[in-house]
Amino acid sequence: MYDDYVEIPSYKEICESKETYAKAFKIQYDEQDPFRGKAIIQKHGDKYLVQNKPEAPLNREELDAVYALPYAKDYHPIYKDMGGIPAIEEVKFGIVSSRGCFGSCSFCAITFHQGRAVQSRSHESILEEAKYITELPDFKGYIHDIGGPTANFRHEACKKQITKGACKHRQCLHPDPCKNLKVDHTDFVQLLRKVRSLPKVKKVFVRSGIRYDYVMADKDNKFMRELIEHHVSGQLKVAPEHIAEEVLQYMQKPAGNTYDRFRQKFFDITEQVGKKQYIIPYLMSSHPGSTLNSAIELAEYLRDIKYQPEQVQDFYPTPGTLSTTMFYTGIDPLTMKPVYVPKSKHEKAMQRALLQYSAPRNYELVHQALVEAGREDLIGMAPRCLIKPREARGYLNRANSNKKGNKKTDNKNSKQRSNSKGGSSRGKNTNERNSKNTSKQKRKRR
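For clarity, every value in this text was computed on a predicted model and none was experimentally measured. (Residues numbered from 1 in each chain as written. Predicted model: local features only at pLDDT ≥ 70, side-chain atom pairs only at ≥ 80, totals over all residues. Heavy atoms only, no water.)

Colleague: Run through the side chain of Thr 329, naming residues and quoting values.
Modeller: Along the chain, the position of Thr 329 falls in helix H13 (residues 322–329). In this structure the side chain of Thr 329 is engaged in a polar contact, spanning 2.6 Å, whose partner is the backbone oxygen of Thr 325. There is a polar contact of 3.0 Å between the side chain of Thr 329 and the backbone nitrogen of Ile 331. Thr 329 has contacts with Lys 18, Tyr 21 and Ala 22, leaving out every residue within four places of it along the chain. (Helix = DSSP H or I, 4+ residues; strand = E, 2+ residues; numbered from the N terminus. Polar contact = N/O pair within 3.5 Å; in protein donor to acceptor, adjacent residues only side chain to side chain. Contact = heavy atoms within 4.5 Å.)

Here's what the structure looks like:
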């Protein structure tokens with residue numbers, strides 16, 4: 001029945017040896033392709049577990065048929081009495097345009113459950129759904145997203161991928177874009193133009209994330225200009241994840257100055273089109289390979305670009321990913337070499353705090369991290385320091401406290417003088433004037 005299969009070490013063997021676990025994962029990782037992949041079997045006691053080879057991805061007609069089904073585009077009525085599901089608002093007016101991703105980030109499981117071969121819907125299928133959305137009673141003119149796992153992937157990485165499968169030991173974008181990679185945004189640009197020209201559509205946003213190294217590999221600036229001019233809702237979200245090269249290597253994300261060049265290009269074009277828009281980078285702390293020094297390098301980068309993230313994702317292991325195997329085994333299964341893994345609760349807290357080093361709540365953790373890493377040069381009053389010394393911080397806190405105290409005393413004395421001069425009615429008039437001034441200030445702030 002399974003004449004074309006590969007056997008991985010038994011369940012008992014991988015439980016007893018992390019090195020064997022890493023080897024087993026590598027085999028499984030290599031076989032996740034519908035064209036060249038094989039069935040995988042593993043012994044469990046006196047039985048065998050069989051993982052069938054991946055099915056071929058749906059072609060365009062089949063994918064269109066799936067999305068032509070009569071989806072309700074709403075939560076189930078049983079949730080109505082519970083107040084509904086707020087998350088529906090973001091996805092209700094979004095359109096899935098593709099499946100699969102050849103980005104292959106180490107911490108993402110899409111390689112396993114959607115594959116590296118990108119399949120996309122036809123323009124006609126997407127336009128039909130967009131028209132349906134515009135007829136919904138609560139549609140306000142904004143299509144929140146047209147995208148997929150990676151919004152700007154609309155076709156296979158190369159011609160070979162749809163006949164022979166993805167390369168077994170070569171990624172399409174990492175460490176550099178493959179010379180055979182087909183870099184072309186023409187189809188996506190045409191699609192976005194068609195959707196934004198529909199009646200009742202005011203704006204079409206691309207929010208599901210773009211792969212910026214793929215954008216930078218495109219010699220034509222047309223997509224990036226149209227994206228910035230028409231499809232960014234004030235903030236473009238991208239995912240550099242980190243800046244330290246040793247961490248990016250394990251993440252299988254672009255290293256070097258790719259992100260910096262993308263940022264500069266984004267702001268240059270934004271200025272050219274006369275808009276004020278910003279980039280919101282997704283960042284991750286404590287990924288395998290990240291040391292305290294790696295986290296400090298990222299903190300210094302954030303200092304230099306004058307950006308402090310409101311949210312930071314701390315790495316956590318998820319089933320079926322390369323990063324999870326590194327986290328569990330301490331081994332990179334692609335090379336079988338040891339990889340540093342931050343696991344203690346305290347170190348993970350320090351790495352996360354470094355990415356938000358200016359937050360007062362993180363001061364002690366950041367201070368401990370800098371001392372432990374031997375980077376006391378970043379503790380001081382100089383412009384390039386991340387935090388102030390403890391004694392200076394204490395002095396400034398006391399000074400601010402004294403200022404507040406003096407201000408309260410001055411206000412109290414002022415009220416007493418006012419009451420003693422003008423009696424109760426004068427005090428009332430003063431309070432009314434203060435109230436009006438406060439209202440004016442509030443209106444100005446708003």
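Colleague: Give a description of helix H12 (residues 292–304) that names residues and reports values.
Modeller: When the terminal C-alpha atoms of H12 are compared, their 18 Å separation across 13 residues agrees well with the 18 Å that a helix rising 1.5 Å per residue should span. Within H12, 10 of the 13 residues are buried, which leaves it mostly tucked inside the rest of the structure. Those residues of H12 that fall on the buried side of the exposure criterion are Leu 292, Ser 294, Ala 295, Ile 296, Leu 298, Ala 299, Glu 300, Tyr 301, Leu 302 and Arg 303. The inward-facing, buried residues of H12 abut strand E10 (235–241), helix H10 (245–251), helix H11 (258–272), strand E11 (278–285), helix H14 (345–354) and helix H15 (363–372). Downstream of H12 by a residue or two, Lys 306 has a phi angle that is positive, lying close to 55°. (Expected span 1.5 Å × (residues − 1). Buried < 20%, exposed > 50% of the residue type's maximum accessible area, 1.4 Å probe, protein only.)

Colleague: A description of the sheet that holds E11 should follow, citing residues and the corresponding values.
Modeller: With parallel pairing, the three strands of this open sheet are ordered in space as E10-E11-E12. The sheet terminates laterally at E10 and strand E12 (313–314), the two strands that pair on one side only. Note: E11 against E12, two bridges, orientation parallel. Its bridge partner being in E12, Met 284 is matched across the sheet by Gln 313. (Pairing = 2+ DSSP bridges.)

Remember that the coordinates give geometry; whether it matters functionally is a separate question.
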